[in-house]
Number of protein chains: 2
Amino acid sequence: MADINEIRAGEIAVSPPAAGDAGLEFIGRMHTPWTSRAETPRQGRDDGPICRIEVFDKWAPALKGLDAFETIFVIYWLHQSRRDLVTQSPRSNGTTLGTFALRSPVRPNPLGLSQVKLVGIEGNIVSVRGLDCLDGTPLIDIKPDRCPHSG
Amino acid sequence: MADINEIRAGEIAVSPPAAGDAGLEFIGRMHTPWTSRAETPRQGRDDGPICRIEVFDKWAPALKGLDAFETIFVIYWLHQSRRDLVTQSPRSNGTTLGTFALRSPVRPNPLGLSQVKLVGIEGNIVSVRGLDCLDGTPLIDIKPDRCPHSG
């Protein structure tokens, strides 16, 4: 395993964010097949496994009407990510890019965003294909996609 | 002006989130033509006005390489929004829908998400078309869109 605090060539780190400008509430959690970062796919696929998004009971009525959409956006909290890298040198190609030009989980506000296929909703469980996050990842928001992809 | 604390028929409010599960840092701010919610468009348009996203100096190097993308995702904090509505009855059609089936700024974690056209980057300023947020809205994250739209 690589040291997750390692700094690679070309990377710039700053002091971690104070993170006191606004606060988030975790409103659910994701159930996926992946229990370590090493086995989690870099990017979700429309033909990937069905994953279940559990919405905590208090917010379950907020799902009413979501089943009208073919694709939805899911925003979640990448709770294992460091937040101090401004540039990053992904191992895959050796070049250095800015954090905002990457989908890396390492970012000042480690929010994950997935545009996923809605498979179905039962009670407080939303089943989708296309996720790429760790099992147990906290849920932050669900939004309909106003421009459904074809196919 | 409507009372922003008004509850309409069919709406369910819960206690506002404790919002202490995770903290955000504002990393920039949006400059748009809209200074009140009444005049802000409900949804951004690709042929809308050019808006400027200011990234605070500390994070400016994080933009390196973003100009390779035609469309980007912008996540921002809807700082004027209440957070307690589980269902909502948008004035436009009278029906009641769950918060997660709406793009309303009112949500447990009031994050705005826009998929916008990148116009250009100069220093710490990212110019885009397709935003629909208030002038001065705090910036939370920028991500490349891996699947650029055609046209």
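Further up the page is the structure itself.
Asks: Describe in detail the interface of chain B and chain A, supporting the description with residues and values.
Replies: Every contact between the two is made by 56 residues of chain B and, on the other side, 56 residues of chain A. Between chain B and chain A lies a buried interface of about 4,900 Å² when both sides are counted; carbon and sulfur atoms form 63% of it. Summed over the shared surface of chain B and chain A, the number is two salt bridges. Between R107 of chain B and D141 of chain A there is a salt bridge, with the nearest N and O atoms lying 2.8 Å from each other. Between the two partners, chain B and chain A, sit 32 residue pairs in polar contact (both at pLDDT 80 or more). Sorting the residues of the side of chain B that touches chain A by element identifies strand 2 (22–24), strand 5 (71–77), strand 6 (85–88), strand 7 (97–98), strand 8 (111–122) and strand 10 (138–144) of chain B as the ones contributing at least two each. The element contributing the most residues to the side of chain B that touches chain A is strand 10 of chain B, with five residues. Relative to strand 2 of chain B, strand 2 (residues 22–24) of chain A is paired through three bridges, and the arrangement is antiparallel.

Asks: Give a description of the pattern of salt bridges that names residues and reports values.
Replies: Here the structure, examined in full by the defined rule, presents 15 salt bridges over all chains. The shortest N-O distance in the salt bridge between R8 of chain A and E11 of chain A comes to 4.0 Å. On the accessibility criterion, R8 of chain A (30% relative accessible area) is partly exposed. Here the salt bridges do not stand alone but share partners, grouping R107 of chain A together with D141 and K143 of chain B into one network.

Asks: A description of the sheet that holds strand 6 (residues 85–88) of chain A should follow, citing residues and the corresponding values.
Replies: Sheet architecture is open: three strands sit in the order 1-6-7 (chain A), paired in antiparallel fashion. Because the sheet does not close on itself, it has two edges, and the strands there are strand 1 (12–13) and strand 7 (97–98) of chain A.

Asks: Account for the relation of the copies chain B and chain A, naming residues and giving values.
Replies: Each copy superposes on the other: chain B lies on chain A with an RMSD of 0.0 Å after a rotation of 180° and an axial shift of 0.0 Å. Taken together, the rotation and translation relating the two chain copies correspond to the operation of a two-fold axis. Relative to the rotation axis, the C-alpha of G23 of chain B is the closest in chain B, positioned 2.3 Å from it. The overlap is high: 100% of the interface residues of chain B also sit at the interface in chain A, so the same surface is used on both sides.

Asks: Would you mind going over the sheet that holds strand 6 of chain B in detail, with residue names and values included?
Replies: Residues and elements named next belong to chain B. Spatially, three strands are ordered 1-6-7 in an open sheet, and the strand pairing comes out antiparallel. Unpaired on one side and paired on the other, strand 1 (12–13) and strand 7 mark the two borders of the sheet. The sheet contact formed by strand 1 and strand 6 spans two bridges and is antiparallel. Counterpart to I12 in the pairing with strand 6 is T87.

Asks: Could you give an account of the environment of L118 of chain B, naming the residues involved and the relevant values?
Replies: Residues and elements named next belong to chain B. Here L118 lies in strand 8. Between the C-alpha atoms of L118 and T40, which are 78 residues apart in sequence, the distance is 20 Å. The contacts of L118, once residues within four sequence positions are left out, are L66, D67, F69, E70, T71, I72, V126, S127 and V128.

Asks: Go over the side chain of R107 of chain B with me, naming the residues and quoting the values.
Replies: Residue position: R107 of chain B is located in the loop between strand 7 and strand 8. Only 2.9 Å separates the side chain of R107 of chain B from the backbone oxygen of S104 of chain B, close enough to count as a polar contact. Those residues within four positions of R107 of chain B in sequence are excluded, and the remaining contacts are D141, I142 and K143 of chain A together with R82, R83, T99, F100 and L102 of chain B.

Asks: How would you explain the pairing of strand 9 (residues 125–129) of chain A if you had to name every residue and give the values?
Replies: All names here are of chain A. Counting buried positions along strand 9 gives four out of five residues, so the element sits mostly inside the fold. Note that strand 8 (residues 111–122) and strand 9 share five bridges and pair antiparallel. Note on strand 9: the bridge partner recorded for G120 is S127. If you look at the hairpin formed by strand 8 and strand 9, you'll find two residues sitting between the two strands, and G123 has a positive phi there, around 60°.

Asks: Go over the pairing of strand 4 (residues 50–55) of chain B with me, naming the residues and quoting the values.
Replies: Residues and elements named next belong to chain B. Bridging between strand 3 (residues 28–31) and strand 4 involves four bridges; their strand directions are antiparallel. Bridging from a neighbouring strand, H31 pairs with R52 of strand 4. The pairing of strand 4 with strand 9 (residues 125–129) spans five bridges and is classified as antiparallel. When the sheet's bridge partners are listed, R52 is paired in strand 9 with S127.

Rules used throughout
- Residues numbered from 1 in each chain as written.
- Chains lettered and ligands numbered in written order.
- Predicted model: local features only at pLDDT ≥ 70, side-chain atom pairs only at ≥ 80, totals over all residues.
- Heavy atoms only, no water.
- Contact = heavy atoms within 4.5 Å.
- Buried area = accessible area lost by both parts, 1.4 Å probe.
- Salt bridge = Lys/Arg side-chain N within 4 Å of Asp/Glu carboxyl O.
- Polar contact = N/O pair within 3.5 Å; in protein donor to acceptor, adjacent residues only side chain to side chain.
- Helix = DSSP H or I, 4+ residues; strand = E, 2+ residues; numbered from the N terminus.
- Pairing = 2+ DSSP bridges.
- Buried < 20%, exposed > 50% of the residue type's maximum accessible area, 1.4 Å probe, protein only.
- Least-squares fit on C-alpha atoms with pLDDT ≥ 70 in both.

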